[in-house]
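If you want the building blocks of each chain, they are given just below.
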Amino acid sequence: MRHHEPTNDRAQSEVLGVALLLGIAVVGAVAVASVGYGALQSDREAVGMAGAERSLSQFDARSSAVALGRSDAARVDFGLPDTEGTASVRPNAGWMRIRYTDLTGMRDPNTVEVVNVTLGAVVYEQGEQTVGYQGGGVFRSTGNGSVVVSRPEFHYRDGTLTVPIVKTEGERTVASTVQVTPNGTTRVFPNASRGLTNRVDNTTAVVTVHGRYYEAWAEFFRTYTPGIVTVDPSARTASVRFVSLPEGRGIQGGIVATAESGPLELVGTGAYVDSYNSTQGPYSVTRSSNGTVKAVGNVTISADATIDGTVETGQWLRVENPSAEVTGDGRYSVDYTNDGTIGGTVQRIDGVPTLLPIDPLVVDRLNDVRASNDNAQANADPDVERMRDGLVVSDGESVTLEHGRYYAPSVDVSGGTLVFDTTDGNVTLGVENWFTVRKPHGTGGSVEVRGDGVVRVYLASRDETTASITGQGNREVNLFVGTGSAVTVEDDAAPQFWVLAPQTTEAAIAGSNSQSATFQGILFAPDGLHLDGHIYSKHAEVYGGLVGGQITLGQNGRVHYDRQLNDVTLPSASRISELEFAHVAVHRMNVTSA
């Protein structure tokens, strides 16, 4: 028999177990303490930031009263919470700039900087978070963005822009109680000595704010103004644009080129402009001179072309071809050369007002029609069932859209016939990318407007398609009416068919020597001051008007201006605010320890 000596293994296990339990308890306690401390710290930070918002909102009310002259001075107790945050005056924090651009092109320089001023700020900072008073408002920054706590001093109402810019100056380090005193006011708009006067006409005003709170300023602009807002994160800026429109709202010429940098050119033999009045009858009955041509930029006639009417240009008028003729007046703003014939008076004028882009209007209408439309009704016609993927009307087909609202990614009338029947009312069509009327084989495409209503095509021009243009080869286009193809309205009544498009639109109405293209209506794609889009017409008959940034008439490009368009109300961008009066001043205030 073998005997085993007793051991202490069990005792050792009990000791290890106790040690493990103690270790777990210690770790748990540390974890609980850490979580508790984190929660406590988070609560302290939240309390600190909330208290800072209340304190600076109170400071806002009293200090703004001093800056704007409603109070002589103020003693303000910040009453900031006793936390780990700090408060300071930062006189170099952020800036505001206002630029004023004359859309006629007559001002030199064309764009004037009305004011560019450092705003300064009073800032409470805790970690990555700040609450700051700036420009008469209070903002909060979280490190991932910024929001408005109380609105800054910036007001737009009924066409009047009022900007009392509050500039904060003073000691960088301040005590919990401060003294706020005024430090002078400078009025910068209106300013007759700089030619900045009310009433504002045919201009844009762009307000730009830079700094930590630029995202909050952008949201404020979007919420409280109808201006056009843009944000540049890399520059940490938010901008809002306000515009003033010219008094005349009708289309006052058969060709209107709206971009200062974009010329209006008649470069092809046989290019021709005259007019008619569809209220009195079709072109064949009411044809006359008065084929007015207008351009914010240069007008150049370099071919054997005729303008049976008057030319107005915001810059140079150049009649370069000896066979070129203007039967009416030649009106220029910078200078002119005349190697051809100008039948009327040659005189200098004070610029040509531009027409502003309608991009926001087109986007609004397109989104509206895409969200709610009558496509289901149209889709009862098997030929229209494809509208949701793009409306294609092929050779030999005929599709009719009656009174209603429709949406299509694109429209391609390729040899077939698209009828807009307005007998029972207007037709609205929203098109995402392109609208083409072309001849694939023997027969050209046809778009017909029937009835007394109005057809409005909102063409967003987001993508392009390729079209073959005689003498030009393949071009990327958004609107195209090609060889042997036509867009027609009964009795040549141009105001019954509108194509409304953004400033980037590329359009061509171009036939061939043997078969011209026809467009009856208005192509309205104004381009403001810039040169983004182009309208080209060659071997074509246009009845109505062409409005765009840059316009070129090639060989036998003929435009017959419907004088009824002078009386129409032009569409404007619903999100563009119309500026009539402006009042801007810089109000300085000092913040020092009391």
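Definitions and cut-offs
Residues numbered from 1 in each chain as written. Predicted model: local features only at pLDDT ≥ 70, side-chain atom pairs only at ≥ 80, totals over all residues. Heavy atoms only, no water. Helix = DSSP H or I, 4+ residues; strand = E, 2+ residues; numbered from the N terminus. Buried < 20%, exposed > 50% of the residue type's maximum accessible area, 1.4 Å probe, protein only. Contact = heavy atoms within 4.5 Å. Areas by Shrake-Rupley, 256 points an atom, 1.4 Å probe, with all protein chains shown as cover. pLDDT = per-residue confidence, 0-100. Pairing = 2+ DSSP bridges. Axes fitted to C-alpha atoms, helices over the stretch in contact; angles between N-to-C directions. Phe/Tyr/Trp six-rings, centres within 6.5 Å; stacked < 30°, edge-to-face > 60°. Lys NZ or Arg CZ within 6 Å of the ring centre and 35° of its normal. Salt bridge = Lys/Arg side-chain N within 4 Å of Asp/Glu carboxyl O. Core = buried A, V, L, I, M, F, W, Y, C linked by side-chain atoms within 4.5 Å. Polar contact = N/O pair within 3.5 Å; in protein donor to acceptor, adjacent residues only side chain to side chain.

Draft legend 1. Inspection of the overall build of the protein chain at higher detail. Looking only at helices and strands, one finds five helices and 48 strands in the protein chain. With 594 residues in all, the protein chain has 55% of them scored as buried. Of the contacts made within the protein chain by residues no fewer than 6 positions apart, 66% connect residues no fewer than 24 positions apart. Put simply, the protein chain shows about 25100 Å² of open surface, and 46% of that area lies on carbon and sulfur atoms.

Draft legend 2. How the structure looks around the confidence of the model for the protein chain. Of the residues in the protein chain, 84% have a pLDDT of 70 or more, and the chain-wide mean is 85. When the criterion is pLDDT under 50, residues 1–13 qualifies, and its contacts beyond four places in sequence or with other chains add up to zero contacts. Low pLDDT, under 50, characterises residues 29–43; the stretch is placed with one contact to residues that sit more than four places away or in other chains.

Draft legend 3. Representation of the sheet that holds strand β11 (residues 177–189) within the structure. Across the sheet, which stays open at both edges, the five strands sit in the order β1-β11-β48-β10-β9 with mixed pairing between neighbours. Edge positions in the open sheet fall to β1 (74–77) and β9 (155–157), since each of these has one partner strand only. When the angles between neighbouring strand axes are averaged without regard to direction, this sheet yields 25°. Of the strand pairs in this sheet, β1 and β11 are connected by four bridges, and their pairing is antiparallel.

Draft legend 4. View of unusual backbone geometry. Along the chain, Phe-189 connects to Pro-190 via a cis peptide bond; the corresponding omega equals 0°. Tracing the sequence through the fold places Pro-190 in the loop between β11 and β12 (203–210). Of note in the backbone geometry, His-539 takes a positive phi value of approximately 45° without being a glycine. Tracing the chain through its elements places His-539 in the loop between β44 (534–538) and β45 (540–548).

Draft legend 5. Representation of the pairing of β45. Here β45 lies mainly inside the structure; nine of its nine residues are buried. Sheet analysis places strand β15 (residues 255–257) next to β45, joined by three bridges and oriented parallel. Bridge pairing in β45 links Ala-257 to Gly-548. The pairing of strand β43 (residues 517–525) with β45 spans nine bridges and is classified as parallel. Its bridge partner lying in β45, Ile-522 is registered against Gly-545. Where β45 meets strand β47 (residues 557–562), five bridges bridge the pair, whose relative direction is parallel. Within β47, the position partnered with Gly-544 by the bridge is Tyr-561.

Draft legend 6. Just the packing of aromatic side chains, in detail. Counting across every chain of the model gives 19 aromatic pairs. For the ring pair Trp-217 and Phe-221, a centre distance of 5.9 Å and an interplane angle of 45° mean the geometry is tilted. With Trp-217 and Phe-221 both in helix α2 (residues 214–224), this residue pair falls four residues apart, about one helical turn. A relative accessible area of 0% means that Phe-221 is categorised as buried. Centroid distance Trp-498 to Phe-524: 6.2 Å. Interplanar angle 75°. Geometry classified as edge-to-face. Remark: Phe-524 occurs in strand β43 and Trp-498 occurs in strand β41 (residues 497–500); sequence separation between them is 26 residues. A single burial state applies to Trp-498 and to Phe-524, both of which are buried. What links up through ring pairs into an aromatic cluster is the set Phe-139, Phe-154, Tyr-156, Tyr-213, Trp-217, Phe-220, Phe-221, Tyr-224 and Phe-242. The ring of Tyr-224 has Arg-151 sitting right over it, with the charged end atom 4.1 Å from the ring centre.

Draft legend 7. Examining the sheet that holds strand β4 (residues 111–118) more closely. Strand order in this open sheet of five strands is β4-β3-β12-β14-β13, and the pairing throughout is antiparallel. Strand pairing shows two members of the sheet lacking a second neighbour, β4 and β13 (228–232), which therefore form its edges. Neighbour-to-neighbour, the strand axes of the sheet open up by a mean angle of 15°, direction not taken into account. Judged from the seven bridges that link them, strand β3 (residues 95–102) and β4 form a sheet pairing that is antiparallel. What sits directly across from Arg-99, in β4, is Glu-113. Packing of α2 onto the sheet brings it into contact with β3, β12, β13 and β14 (237–243), and relative to β14 it is tilted by some 25°.

Draft legend 8. Representation of the environment of Thr-160 within the structure. Inspection of the secondary structure puts Thr-160 in strand β10 (residues 160–170). Judged by its relative accessible area of 22%, Thr-160 falls in the partly exposed class. For Thr-160, the contacting residues outside a window of four places in its chain are His-155, Phe-581 and His-583.

Draft legend 9. Looking closely at the pattern of salt bridges. Taken as a whole, this structure holds 16 salt bridges when the rule is applied. Between Asp-329 and Arg-331 there is a salt bridge, with its nearest N and O atoms 3.0 Å apart. Among the residues examined, Asp-329 registers a relative accessible area of 18% and is labelled buried. Note that Glu-432 and Arg-370 form a salt bridge whose closest N and O atoms lie 2.9 Å from each other. Linking Glu-432 in the loop between β33 (427–431) and β34 (435–438) with Arg-370 in helix α4 (residues 359–371), this pair joins segments that are 62 residues apart in sequence. Overall, Glu-432 belongs to the buried group, its relative accessible area being 10%. On the basis of relative accessibility, which here comes to 34%, the residue Arg-370 falls in the partly exposed class.

Draft legend 10. Structural detail: the nonpolar core. One finds Leu-418, Phe-420, Phe-435 and Phe-497 to be the most contacted residues of the largest nonpolar core, which totals 61 residues. The greatest single-element share of this core, amounting to four residues, is contributed by β43. The residues contacting Leu-418, other than those within four sequence positions of it, are Leu-391, Val-393, Val-399, Leu-401, Val-411, Val-413, Phe-435, Ser-446, Val-447 and Glu-448. Of all hydrophobic cores here, the second largest spans 37 residues; its members include Ala-121, Val-123, Val-163 and Val-188.

Draft legend 11. Broad picture of the side chain of Gln-129. By the element assignment, Gln-129 lies in strand β6 (residues 129–134). Residue Gln-129 is classed as buried on the basis of its relative accessible area of 18%. Here Arg-140 takes part through its side chain, which lies 3.0 Å from a polar atom of the side chain of Gln-129.

Draft legend 12. A look at the side chain of Asn-321. One can find Asn-321 in the loop between β22 (316–319) and β23 (325–326). Of the polar contacts made by the side chain of Asn-321, one reaches the backbone nitrogen of Ser-323; its length is 2.8 Å. Beyond its immediate sequence surroundings of up to four residues, Asn-321 is in contact with Ile-301, Ser-302, Ala-303, Asp-304, Asp-339 and Gly-340.

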